[in-house]
Amino acid sequence: MIRKIVFTLCGLGLAITGFAQKFMPEIKAGTTLNATVFVQSQEVPVTFTIKRIETPITLAWFVDGYGEGAFELSQKAYESGKEIYTQQPPQGTTKLSDSETYGLISKDAYKSLTANKSFTYNGLKFKPKETGLNPMKLDGKEIDATQVASEDGKIELWILNNPNFPLILQSAGLGLDVVIHEIK
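Described in the following lines is the structure provided in the data block. This one's a predicted model, so the numbers in the text were calculated from it and none came from an experiment.

### Some details on the nonpolar core
Stage number 1. Of all hydrophobic cores here, the largest spans 32 residues; its most connected members are Phe48, Tyr102, Ile143, Leu167, Leu169, Ile180 and Ile183.
Stage number 2. Of all the secondary structure elements, the ones that give two or more residues to this core are β1 (32–39), β2 (42–52), β3 (57–63), β4 (67–73), β13 (156–160) and β15 (177–183).
Stage number 3. Once you skip the residues sitting within four places of it in the chain, Leu169 turns out to touch Met136, Ile143, Ala145, Trp158, Ile159, Leu160, Val178, Val179, Ile180 and Ile183.
Stage number 4. Within the second largest apolar cluster, 14 residues are counted, among which are Ile84, Tyr110, Phe126 and Ile159.

Here you go:
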């Protein structure tokens, strides 16, 4: 009888541990992100492909019927950028300034988020938002991400908990909002 109780408790502990683990997708050159971009109240399917993971980081995009292009992030922007590029990109390569990122926050911003529970981007202070409702999921798996909100509550971001590539998985309140549905 004691063996059954111990076995049941161990099994329950393993099940809870397995359930509590969150999915961390591998981000590397060639990773494809299928997403929806919201432009002027319209949903536009877009495919992003990480062409280069080392700087200059190159994030290519493709929209069927519109065209294709890429964002290029400098080493300085990757390390310490403080702005998110929020304009509709022209076709071709968009080289971002040393203060701008697209699709991710800088490593310094992520360090500040984890150490100080806040970071500043686009002149706004962001803090973690604990909702407890509907964790972000990809392919039915809960993803290891942190939801943050600007102090004025107008902008929200869901950021992958990856200090080497703090990818923005979803945004709400920006000029162009993105929701990533699949990472492969």
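Picking up where we left off.
### Looking at the pattern of salt bridges
Stage number 1. Considering all chains together, one arrives at 6 salt bridges under this definition.
Stage number 2. The salt bridge partner of Lys95 is Glu72, with a shortest N-O separation of 3.9 Å. Of this pair, Lys95 sits in strand β6 (residues 92–95) while Glu72 sits in strand β4, and the two are 23 residues apart along the sequence.
Stage number 3. A salt bridge links Lys129 to Glu156; the shortest N-O distance between them is 2.8 Å. Of this pair, Lys129 sits in the loop between β9 (124–128) and β10 (137–138) while Glu156 sits in strand β13, placing them 27 residues apart in sequence.
Stage number 4. Given the relative accessible area of 33%, Lys129 is considered partly exposed.
Stage number 5. Overall, the relative accessible area of 16% leaves Glu156 in the buried class.

### A short note on the pairing of β3
Stage number 1. The buried fraction of β3 amounts to 6 of the 7 residues, a majority that puts the element mostly inside the structure.
Stage number 2. In the sheet, β2 pairs with β3 via 5 bridges, with the strands oriented antiparallel. Bridge pairing in β3 places Thr49 opposite Ala60.
Stage number 3. In this antiparallel pair of consecutive strands, β2 and β3, the connection spans 4 residues.

### Some words on helix α3 (residues 107–116)
Stage number 1. For α3, the set of buried residues is Lys107, Ala109, Tyr110, Ser112 and Leu113.
Stage number 2. Residues of α3 that are buried in the fold lie against α2 (75–80), β8 (119–121), β9, β12 (145–150) and β13.

### Focus on the environment of Thr146
Stage number 1. Relative to the elements of secondary structure, Thr146 occurs in strand β12.
Stage number 2. Distance in space between the C-alpha atoms of Thr146 and Glu130 is 8.8 Å, their sequence separation being 16 residues.
Stage number 3. Setting aside its immediate chain neighbours within four residues, Thr146 contacts Leu113, Pro128, Leu157, Trp158, Ile159 and Asn161.
Stage number 4. A polar contact is formed between the side chain of Thr146 and the side chain of Asn161, at a distance of 2.7 Å.

### Examining the environment of Lys127
Stage number 1. One can find Lys127 in strand β9.
Stage number 2. Since its relative accessible area comes to 38%, Lys127 is described here as partly exposed.
Stage number 3. With 23 residues separating them along the chain, Lys127 and Ser150 place their C-alpha atoms 6.5 Å apart.
Stage number 4. Those residues in contact with Lys127 that sit more than four places away from it in its chain are Lys117, Ser118, Gln147, Val148, Ala149 and Glu151.

Definitions and limits used
Every chain's residues receive numbers from 1 upward, in the order its sequence appears when written. With pLDDT at 70 or above as the cut-off, local features in this predicted model cover only qualifying residues; side-chain atom pairs require 80 or more to be listed or tallied, and sums for whole chains, interfaces and linings still use all residues. As a rule here, side-chain values come from all non-hydrogen atoms in the structure, and water together with hydrogens is ignored. Throughout, nonpolar core names a set of buried Ala, Val, Leu, Ile, Met, Phe, Trp, Tyr and Cys residues whose side chains join them through atoms within 4.5 Å. Type-normalised accessible area, obtained with a 1.4 Å probe on protein chains alone, sets the label of each residue: buried when under 20%, exposed when over 50%, and partly exposed for intermediate values. Numbering goes from the N terminus for both helices and strands, where a helix is a DSSP run of H or I of at least four residues and a strand is a run of E of at least two. Residues are treated as being in contact if the distance between any of their heavy atoms lies within 4.5 Å. Only one rule defines a salt bridge in this text: a Lys or Arg side-chain nitrogen within 4 Å of an Asp or Glu carboxyl oxygen. DSSP bridges decide pairing: two strands pair if at least two such bridges lie between them. N or O atoms within 3.5 Å of each other form a polar contact, as long as, within protein, one can give a hydrogen and the other can take it, and as long as residues adjacent in sequence are counted only when both atoms are side-chain atoms.

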